[in-house]
Amino acid sequence: MTGRIAELRGEAEAAIAAAATSAELEELRVRYLGRKAELPNILRGIAALAPEQRGPTGKAANQARQALEALIGQRAEQLAGGELEEQLQRDVVDVTLPGAPPQPVGHLHLLTATRREIEDVFLGLGFRIAEGPEVETVYYNFDALNFDVTHPTRGRADTFYVNDDVVLRTHTSPMQLRAMEAEPPPLYIIVPGRVYRRDSDATHTPQFHQIEGLAVDEDVTLADLKGTLLAFARAIFGRDREVRLRPHFFPFTEPSIEVDVSCFMAHVPGERCRVCKDTGWIEILGAGMVDPNVFGYVAEYGYDPERIQGFAFGMGIERIAMLRHGVPDLRLLYDNDARFLEQFG
Ligand code: DAH
C-alpha cells in the first residue's frame, strides 16, 4: 500500500509543478485530495487494514497528503502572482493618451445668436419683445405707415403680393401699428422677425431678418433715440464706438435719419478699409421720430400726436452679423455649410 501511495504522490507532485493556471491547479486538488480521490480513500480505510499495516500506511498517506497540500499552496501563490502580473500587463491604461473625443454638440446659428444679443441689449434698456405676422396686410405694411400710393416699394417688382391687399411683410415696421393698437402709451418694444423682398445678390436675399424698435412716451426726443442707439452700438460693436446721425427719408418718421457707427476695423496705413471705405463710418440702421401721420392711424388707441412723441428704428440682423464678423457674402448664412457655421460657436 505504501508503494501505491508513493506512486500517487510522485504523479501528483509532477502534475502540480506543471500546472499552468489556478483553474488547472484546482482540478488537481480535486483529483488527488478531493472527497472521491484515492489518497483520502486510503486514509479513510486505514481501520480496515491489518493492524501491522495501519501504522506505516497511515504515516505515508498523511505525509503524502500534507506534502501535496503544501505544494498546491505554494504553486497557487506562484500562479496567482504570475496571473496578477499578467492581468496588470493586459489591463494597463496609458493615462497620457488623450481622452475619448468629446461628442460634437451643436450651437446657435450666427443669426440666432446675433438676434439674441441685440434683444438682450434692448431688454436691458427697458424694451419688451413683440412679434407680428409675416403675412401682412397692405394697410399695416404700407398705408398706415404713411407710404404714398406711388411709393416704388409698393410695386410687384419689389414686394411679394399674396393678393391685392396682402403681402409678405417687407419690413418689421407694420408691427409698430399693431403694437400701438394693442396697448396705450408708454410703449417700449422691439420687434424681431423675418421680412421679404424681391432681391437676390451677395448682400440681399429674398428673405432676411430685421429688428424694429419703437419707443412712445410723453417726452421722447431725438436725443433719447441717439442715446439709445449709442448704447446699442457700443454693446454690439465695442465700447469705443460713436454714432453719427445723417438726414434721410422714411415715410413713417419725421425727421428721418440713417445711423452710422464709427468703423471698428483695424486700419492699415496705405490700405483702403474694405468696410468703411476710409470714411470712418459704417451705416447700420434707419431711424427717426415717429411721423404724426402714423399716430393719426392709432389716435383712437390713446396715441394723440399732440400729447406723445416716439422714436423708431429698424435694422437688418444679417447686416449687423456680417459687419461684426467680417462675413463677405450674405448667402453664406443660409448655405448650411458646417465649415462656415462652426466658426461661430
Ligand atoms: N423699415 C425700414 C426698412 O425696412 C427701416 C426703418 C427705418 C425702420 C426707419 C424704422 C425707422 O422704424 O424709423 O428699411
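Look up: the structure comes first, before these words.
Residues numbered from 1 in each chain as written. Predicted model: local features only at pLDDT ≥ 70, side-chain atom pairs only at ≥ 80, totals over all residues. Heavy atoms only, no water.

(A) Spatial organisation of the site of the ligand. Near the ligand lie 15 residues; those nearest to it are H171, S173, R197, Q210 and E212. Between an oxygen atom of the ligand and a side-chain N or O atom of Q210, the distance comes to 3.0 Å. Considered on its own, the ligand offers 350 Å² of accessible surface; in the complex 90% of this is hidden by protein. Its residues assigned to classes, the shell around the ligand shows five nonpolar, eight polar and two charged. (Near = heavy atom within 4 Å. Polar contact = N/O pair within 3.5 Å; in protein donor to acceptor, adjacent residues only side chain to side chain. Areas by Shrake-Rupley, 256 points an atom, 1.4 Å probe, with all protein chains shown as cover. Nonpolar A, V, L, I, M, F, W, Y, C, P; charged D, E, K, R; others polar.)

(B) Looking closely at the sheet that holds strand 10 (residues 309-316). Taken in spatial order, the seven strands of this open sheet run 1-5-6-10-9-8-7, and their pairing is mixed. One side of each edge strand has no neighbouring strand; the edge strands of this open sheet are strand 1 (128-129) and strand 7 (243-250). Across seven bridges, the pairing between strand 7 and strand 8 (residues 253-262) is antiparallel. Opposite L245, over in strand 8, you have V259 as the bridge partner. Contacts from helix 8 (residues 222-237) reach strand 7, strand 8, strand 9 (281-290) and strand 10, with the element oriented near 150° to strand 9. (Pairing = 2+ DSSP bridges. Helix = DSSP H or I, 4+ residues; strand = E, 2+ residues; numbered from the N terminus. Contact = heavy atoms within 4.5 Å. Axes fitted to C-alpha atoms, helices over the stretch in contact; angles between N-to-C directions.)

(C) Local environment of helix 4 (residues 51-90). A rise of 1.5 Å per residue sets the reference length of helix 4, with its 40 residues, at 58 Å; its end C-alpha atoms lie 57 Å apart and thus fit the reference within 8%. Here the buried face of helix 4 lies against helix 1 (2-18), helix 2 (22-33) and helix 3 (38-44). (Expected span 1.5 Å × (residues − 1).)

(D) Representation of the environment of R234 in the model. Tracing the backbone through its elements, the reader meets R234 in helix 8. Separated by 113 residues in the primary sequence, R234 and V121 have C-alpha atoms spaced 9.9 Å apart. Excluding anything up to four places from it in sequence, R234 contacts R239, R241 and E242.

(E) Structural view of the packing of aromatic side chains. Applying the stated criterion to the full structure yields 14 aromatic pairs. With a centroid separation of 5.1 Å and 75° between ring planes, the pair formed by Y139 and Y140 is classed as edge-to-face. By relative accessible area, which is 32% here, Y139 ends up partly exposed. Seen in terms of ring centroids, F142 and F147 are 5.1 Å apart; in terms of plane orientation they differ by 70°. Their pairing is edge-to-face. Exposure class is identical for F142 and F147. Each is buried. (Phe/Tyr/Trp six-rings, centres within 6.5 Å; stacked < 30°, edge-to-face > 60°. Buried < 20%, exposed > 50% of the residue type's maximum accessible area, 1.4 Å probe, protein only.)

(F) Region of the structure containing helix 5 (residues 110-124). In this model helix 5 runs 21 Å from its N-terminal to its C-terminal C-alpha over 15 residues, within 8% of the 21 Å that 1.5 Å per residue would give. Listed as buried for helix 5 are L110, L111, T114, I118, E119, V121 and F122. Viewed along the axis of helix 5, the buried residues span an arc of 165°, placing them on a single side of the element. Helix 5 presents D120 and G124 as exposed residues on the side facing more than 90 degrees away from its buried surface. In the core, the buried residues of helix 5 are packed alongside strand 1, strand 5 (187-196), strand 6 (207-217), helix 8, strand 10 and helix 10 (317-325). (Arc of directions from axis to C-beta.)

(G) Layout of the nonpolar core. One finds F232, I284, L285, F313 and M315 to be the most contacted residues of the largest nonpolar core, which totals 43 residues. Contributing elements (two or more residues each) for this core: helix 5, strand 6, helix 8, strand 8, strand 9, strand 10, helix 10 and helix 11 (338-341). By residue number, the principal contributor to this core is helix 8, which donates six residues. Membership of the second largest hydrophobic core comes to 25 residues, among which are F147, L177, V191 and A312. (Core = buried A, V, L, I, M, F, W, Y, C linked by side-chain atoms within 4.5 Å.)

(H) Representation of the environment of T172 in the model. With respect to the helices and strands, the residue T172 is situated in the loop between strand 4 (166-168) and helix 7 (174-182). Residues T172 and H209 lie 37 residues apart in sequence; the distance between their C-alpha atoms is 8.6 Å.

(I) Region of interest: the sheet that holds strand 2 (residues 135-137). Taken in spatial order, the three strands make up an open sheet running 2-4-3, and their pairing is antiparallel. The sheet is open, and its two borders are formed by strand 2 and strand 3 (161-163), each paired with just one other strand. Taken pair by pair, the neighbouring strands of this sheet meet at an average axis angle of 35°, ignoring direction. By the bridge criterion, three bridges tie strand 2 to strand 4 in an arrangement that is antiparallel. Bridged to V135 within strand 4 is L168.

(J) Fine view of the pattern of salt bridges. Tallying each qualifying case throughout the model produces 19 salt bridges. R244 is paired through a salt bridge with D260; the nearest N and O atoms lie 2.9 Å apart. One end of the pair, R244, is in strand 7; the other, D260, is in strand 8, and 16 residues separate them in sequence. One connected set of salt bridges, linked through shared partners, spans R244, R246, E258 and D260. (Salt bridge = Lys/Arg side-chain N within 4 Å of Asp/Glu carboxyl O.)

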